[in-house]
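Summary of structural features
Spelled out from the first residue to the last, the chains are:
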Number of protein chains: 2
Amino acid sequence: MSSIFSKIVAGEIPAYKVAENDRFLAFLDIFPIQRGHVLVVPKLEVDYIFDLKKSDYTDLMAFSYDIAVKIKKVIKCNRIGVAVLGLEVPHAHVHLIPINNERDMNFSNPKKTFTAEEMQEVAQMIKNA
Amino acid sequence: MSSIFSKIVAGEIPAYKVAENDRFLAFLDIFPIQRGHVLVVPKLEVDYIFDLKKSDYTDLMAFSYDIAVKIKKVIKCNRIGVAVLGLEVPHAHVHLIPINNERDMNFSNPKKTFTAEEMQEVAQMIKNA
């Protein structure tokens, strides 16, 4: 069965996309812990990130680098944090999270809720950064 | 003033090293949140990780990939989590943390304490993996 991220890649489930090429996709986390919280995934469905070939892993990180720089340009924050846990969805993904302090990247924080318009606006800002 | 990590790189402060080349160094976090918690740093002292050149960032991630694979071989865990926050020490560093669930990578968890012998043993196991 396809992961929810593969369904997003295939266009079967909508997402607030911020960047895409033939191998990687970045979109807003639908359960963000901060405004501007982005997920970056390889289109290849692999559960554990270190099961990606090393070159795919570093290319995923290179793609994420560009997104992190863009998020920082448009979301007011101290810096962009990076996290890979991979325990919720069995499809490798990199979290990019605007943070001001350590607690801002605590995944047990309550999720933030935004309207569809707010999500679309943030996605568009990052895309255009 | 040199960061504490630059002092470790220079050999002025001891560390439980697990891997090193001319550009990167990996050693045990002295305040681990899990057993086998490793920090990977560029020898070049840069505060914010996304201020590294993109090629330095991806090379740091490639170096970290090899360490993550080694940690997973010798520390019993579900997977290796990756985190970059960078708010405590002004020298970019990648956390590699053995995790079984989301809470295991919560940085507000109490730090674990190990004896010098236990730290040395873990470092040696990862180094030899």
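Coordinates for the structure precede this section.
Presented here is a report on the structure given in the accompanying data block. Keep in mind it's a predicted model, so treat the numbers as computed, not measured.

The subject of this paragraph is the environment of B:Ile33. Residue and element names in this part refer to chain B. With respect to the secondary-structure elements, Ile 33 resides in the loop between strand 2 (24-28) and strand 3 (38-42). By relative accessible area, which is 1% here, Ile 33 ends up buried. On a C-alpha basis, the gap between Ile 33 and Glu 88 in space is 15 Å, while along the polypeptide they are 55 residues apart. Not counting residues up to four positions away in its chain, the partners in contact with Ile 33 are Ile 97, Asp 104, Met 105, Asn 106, Phe 107, Asn 109, Lys 111 and Lys 112.

A separate point is the relation of the copies chain B and chain A. Under the fitted operation, chain B is carried onto chain A by 0.0 Å of movement along the axis and a turn of 180°, and the coordinates agree to an RMSD of 0.0 Å. Taken together, the rotation angle and the small translation identify this as a two-fold axis. Minimal C-alpha distance to the rotation axis in chain B is attained by B:Ala83, lying at 2.2 Å. In this assembly the copies share their binding face: 100% of the residues contributing to the interface of chain B also contribute to that of chain A.

Given 3.6 residues to a turn, an α-helix orients residues that are three or four positions apart in the same direction. An ideal rise of 1.5 Å per residue puts 30 Å on 21 residues; helix 2 (residues 54-74) of chain B measures up with 31 Å between its terminal C-alpha atoms. Among the residues of helix 2 of chain B, B:Asp56, B:Tyr57, B:Thr58, B:Leu60, B:Met61, B:Ala62, B:Phe63, B:Ser64, B:Tyr65, B:Ile67, B:Ala68 and B:Ile71 are the ones counted as buried.

Residues and elements named next belong to chain A. Mapped onto the secondary structure, Val 38 falls in strand 3 (residues 38-42). For the pair Val 38 and Val 94, spaced 56 residues apart in sequence, the C-alpha to C-alpha distance is 8.1 Å. Residues contacting Val 38, with those up to four places away along its chain left out, are Val 18, Ala 26, Phe 27, Leu 28, Asp 29, Ile 67, Ile 71, Val 94, His 95, Leu 96 and Ile 126.

Cut-offs applied
Residues numbered from 1 in each chain as written. Chains lettered and ligands numbered in written order. Predicted model: local features only at pLDDT ≥ 70, side-chain atom pairs only at ≥ 80, totals over all residues. Heavy atoms only, no water. Helix = DSSP H or I, 4+ residues; strand = E, 2+ residues; numbered from the N terminus. Buried < 20%, exposed > 50% of the residue type's maximum accessible area, 1.4 Å probe, protein only. Contact = heavy atoms within 4.5 Å. Least-squares fit on C-alpha atoms with pLDDT ≥ 70 in both. Expected span 1.5 Å × (residues − 1).

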